[in-house]
There are 2 protein chains.
Amino acid sequence: MANVKAAIPKGTRDFGPVVMNRRNYIFDTIKKVFRKYGYQEIQTPTMENLDTLTGKYGDEGDQLIFKILNSGDYLAKAESLKQNAESLTSKNLLPVISEKALRYDLTVPFARYVVMHQHEITSPFKRFQVQPVWRADRPQKGRYREFYQCDADVVGSDSLLNEAEFVCIYDEALSLLGLKDFTIKINNRKILSGIAELIGKPNQIVDLTVAIDKLDKIGLDGVEKELLEKGFITADIEILKPVILLSGSNEEKLLALKSILSNSMIGLKGIEEIDKVFSYLKNFDLNHAKVELDLTLARGLNYYTGCIFEVKTNEAAMGSIGGGGRYDDLTGMFGKDGLTGVGVSFGADRIYDVLEELNLFPTDVNESTKVLICVFGEMEEAFAIPILNQLRKANINAELFPFGTKMKKQMQYANDKNIPYVVVIGGDEMESGLLSLKNMESGEQVKVNVEELIGKL
Amino acid sequence: MANVKAAIPKGTRDFGPVVMNRRNYIFDTIKKVFRKYGYQEIQTPTMENLDTLTGKYGDEGDQLIFKILNSGDYLAKAESLKQNAESLTSKNLLPVISEKALRYDLTVPFARYVVMHQHEITSPFKRFQVQPVWRADRPQKGRYREFYQCDADVVGSDSLLNEAEFVCIYDEALSLLGLKDFTIKINNRKILSGIAELIGKPNQIVDLTVAIDKLDKIGLDGVEKELLEKGFITADIEILKPVILLSGSNEEKLLALKSILSNSMIGLKGIEEIDKVFSYLKNFDLNHAKVELDLTLARGLNYYTGCIFEVKTNEAAMGSIGGGGRYDDLTGMFGKDGLTGVGVSFGADRIYDVLEELNLFPTDVNESTKVLICVFGEMEEAFAIPILNQLRKANINAELFPFGTKMKKQMQYANDKNIPYVVVIGGDEMESGLLSLKNMESGEQVKVNVEELIGKL
């Protein structure tokens, strides 16, 4: 067996103990909040049938799906293709040699799950899912080919209470993680449709939303330029401008919108929905979240039909750390129409970077072993084992360093693993029964018996 | 977009809320014990470079690795192959169109991890890893193409304290999960080598161990037959028989072995190692585990070099629910020689089946929402929201059912989700401020105010 270089595919990551502890802290916090609001965990397989995924993410998305080669003699069914080198293209061969692919997001597998298990699930079905997804994107800083998504959705309920509770979920989870200044932007696709109606181009809603979604990045001039390129005229933009530039409080914006969109049924419906969400939110106490009606918020995904959300921190320069919205026909692609749902997603990798930048990881997140027992030799080891037992029986995470290693190296081990306490056992300690307990942070050293040790830890 | 059938690839599974809660209970219990003994979590990518995995699991294993098709125009580099239909075989094409594969186990990625991160890791490095693996095996009852492994390993320490602690880890985790009668079988590869020496066929150690490993399944006659087929003679078997049929206590077996293998250096070394593990174990208090020296235990994997383990429950008919052992050169395949390690694995899927069969899942494992608030209409909903807030502030998982659904259906929802308490709010409750709290199990109903409600939950 030839030696191979120890390496991993580009765009993928190993997570060592320190990073894992911090990632678990983020996931556990978010999961705890999901559960508090009645969401239950599910998991779907890493592999989905290729036809479950194909066509759901646009042509570009289809290209980015990782396909799995059929096992065994995968070319067996390609005999006729093989006879003609010209017809043997990547595109033609694909359906013959691959039937499965890695999941690209958690939304399509969830829709598939809901349809497949429709007779078992409790309606409204409130589920959360925290699993990795894979995309054959070009890797770059902050963009990986394997990354976790962290989604919660409820299907089967059109109550706007769900939307309001998702705002609470964002608020509670991000506040628990230590963020103190963040904004949950909210808009409604129906308001955007109303604006498209107002301009007289309801069919160009996608072009319109794609352009105004970029206001933050490319400015008003950029949006104007893009709209002109897409066939809008200056008069359209003159109507649009005052709407997307509306300022003031949420109430002021809504009041202005009501008169601007007074002739659009769908626009007024959108306003009514937002109104209702705000009125729910008045009765929920938010911690640190600011909630802002942002009429330029559009979100790329075409399946949204009602309220949409996006979350930004104001404490660090970072894109959105979460988003979501309501969709009215997610399961139609699997033959079950008319099921409404709403969901949100947390951007765990970005949240990680924000917490790191703001130094918000609690210091004990990376503390897994509480105490390390160091011994000089075999006799001390034998003396130490009953103590180790007692510590573990008291549910204290404890390790005994195998003897035969220099004390300095054992101390280094405690340091490297962020172990806060060390007990050293030598001849004196065995004789007196009093153990030397060292606080690794302060350097302070005290003599204690086993009961005191357990009490102290 | 054509409708596709909602289905998943064969051999894969969806995990719904009930199953997820139970799986999390198993994983969380095992992880807690791993942490208690100083093991820290890591995760490696789902995809590894194909050459990292190839050649590590034998020819049959290589066939069972799921390969990932290169993205984009994957046939671009296959031009010369395409010109000749005959040379265009699955085997020849594979290295051209696939560079990555799904991880097949957690051991090889761990070895790769250790070598790749050798300058960052703390030695001895104690890691655990709980992640899915994929094998293109023929699916059958209890055998899946995607399943979780649950491994802990320590590398960089040859102390037999590690072996003894793994026995404790098995004992503590399985006892916590409610098992009361299980056996940790232990043997040592060096003893098996000693037996091969005794027979005078040290080079046939693999044939020998493969055969005696089957004693449980095929009986002594079967083992005899297989050995004769492999070129052993009757005289060999006459030497072997009394050894593998040794009975009595562990001490009695070891005593007998010492004299049988008195001329085999390696055999005596193996006995010494087992002796030392037993002497450690005398000082650790085990809960429910029986520890048994089983000289027929061989375990298939060739990389084991010292102690080996296997765990069986005596309460249910089930194969091994865990196993592991010491290896002396796992990282050699990635160019780092001489690193010793020892590790164990828990068979989570089998443990799940055992707990289910023995009815050992605690009833509250599937309780995620503690209380459901049911309301008749919009006014009651408005009345309920501040109560919902107070419950959640007190860290009680609580849901408010969106109004507009019949009370019977709301009760059904509570039942289906295993929610133990329901609060119903109607006109009376709003007037009196006293809420009706129903215990869904006993059916008992009491009137309480909000403070009493929080106290009760």
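Predicted model, so just to flag it, every value in this text is computed and none were measured.

Many descriptions give the size of an interface as the accessible area lost when the pieces come together. Considered domain by domain, chain A is made up of domain 1 (181-314) and domain 2 (367-456). Placing a centre on the C-alpha atoms of domain 1 of chain A and another on those of domain 2 of chain A gives a separation of 61 Å.

Taken together, the 104 residues of chain B in the interface contact 104 residues of chain A. Summed over both partners, the interface of chain B with chain A buries about 9,400 Å², with 56% contributed by carbon and sulfur atoms. Sorting the residues of chain B by area buried against chain A places Lys36(B), Gln40(B) and Arg392(B) first, and these three jointly supply 7% of that buried surface. Counting across the chain B and chain A interface gives 10 salt bridges. Salt-bridge contacts for Asp14(B) lead to Arg112(A); the nearest nitrogen and oxygen are separated by 2.6 Å. For the pair chain B and chain A, the number of links is 48 residue pairs in polar contact (both at pLDDT 80 or more). Looking at the side of chain B that touches chain A, the element that brings in the most residues is helix α15 (residues 378-393) of chain B, giving 7 residues. When the residues that make up the side of chain B that touches chain A are grouped by side-chain class, the tally is 47 nonpolar, 30 polar and 27 charged.

The next subject is the environment of Asp105(B). Residue and element names in this part refer to chain B. Along the polypeptide, Asp 105 turns up in the loop between β4 (98-102) and α6 (107-116). Each C-alpha atom, one on Asp 105 and one on Val 243, is 33 Å from the other, the two residues being 138 residues apart in sequence. Every residue in contact with Asp 105, bar those within four places of it in the chain, is listed here: Tyr 57, Val 133, Arg 135 and Gln 149. Here the side chain of Asp 105 touches Tyr 57 through a polar contact of 2.7 Å, side chain to side chain.

All names here are of chain B. For the structure on display, the rule yields 0 disulfides over all chains. The cysteine Cys 307 is free of any disulfide, with Cys 168 supplying the nearest cysteine sulfur at 14 Å. With relative accessibility at 0%, the residue Cys 307 sits in the buried group.

Right, let's talk about the sheet that holds strand β16 (residues 445-448) of chain A for a bit. Residues and elements named next belong to chain A. The strand order β13-β12-β14-β15-β16 describes an open sheet built from 5 strands, whose pairing is mixed. Bordering the open sheet on either side are β13 (398-400) and β16, each of which pairs with just one other strand. Strand-to-strand twist across the sheet, computed as the mean angle between neighbouring axes with direction ignored, equals 25°. Two elements, strand β14 (residues 421-425) and strand β15 (residues 435-439), share 4 bridges in a ladder whose sense is antiparallel. Bridge assignment links Val 424 to a residue of β15, and that residue is Ser 436.

What counts as what
- Residues numbered from 1 in each chain as written.
- Chains lettered and ligands numbered in written order.
- Predicted model: local features only at pLDDT ≥ 70, side-chain atom pairs only at ≥ 80, totals over all residues.
- Heavy atoms only, no water.
- Domains from an automatic or database assignment.
- Contact = heavy atoms within 4.5 Å.
- Buried area = accessible area lost by both parts, 1.4 Å probe.
- Salt bridge = Lys/Arg side-chain N within 4 Å of Asp/Glu carboxyl O.
- Polar contact = N/O pair within 3.5 Å; in protein donor to acceptor, adjacent residues only side chain to side chain.
- Helix = DSSP H or I, 4+ residues; strand = E, 2+ residues; numbered from the N terminus.
- Nonpolar A, V, L, I, M, F, W, Y, C, P; charged D, E, K, R; others polar.
- Disulfide = S-S within 2.5 Å.
- Buried < 20%, exposed > 50% of the residue type's maximum accessible area, 1.4 Å probe, protein only.
- Pairing = 2+ DSSP bridges.
- Axes fitted to C-alpha atoms, helices over the stretch in contact; angles between N-to-C directions.

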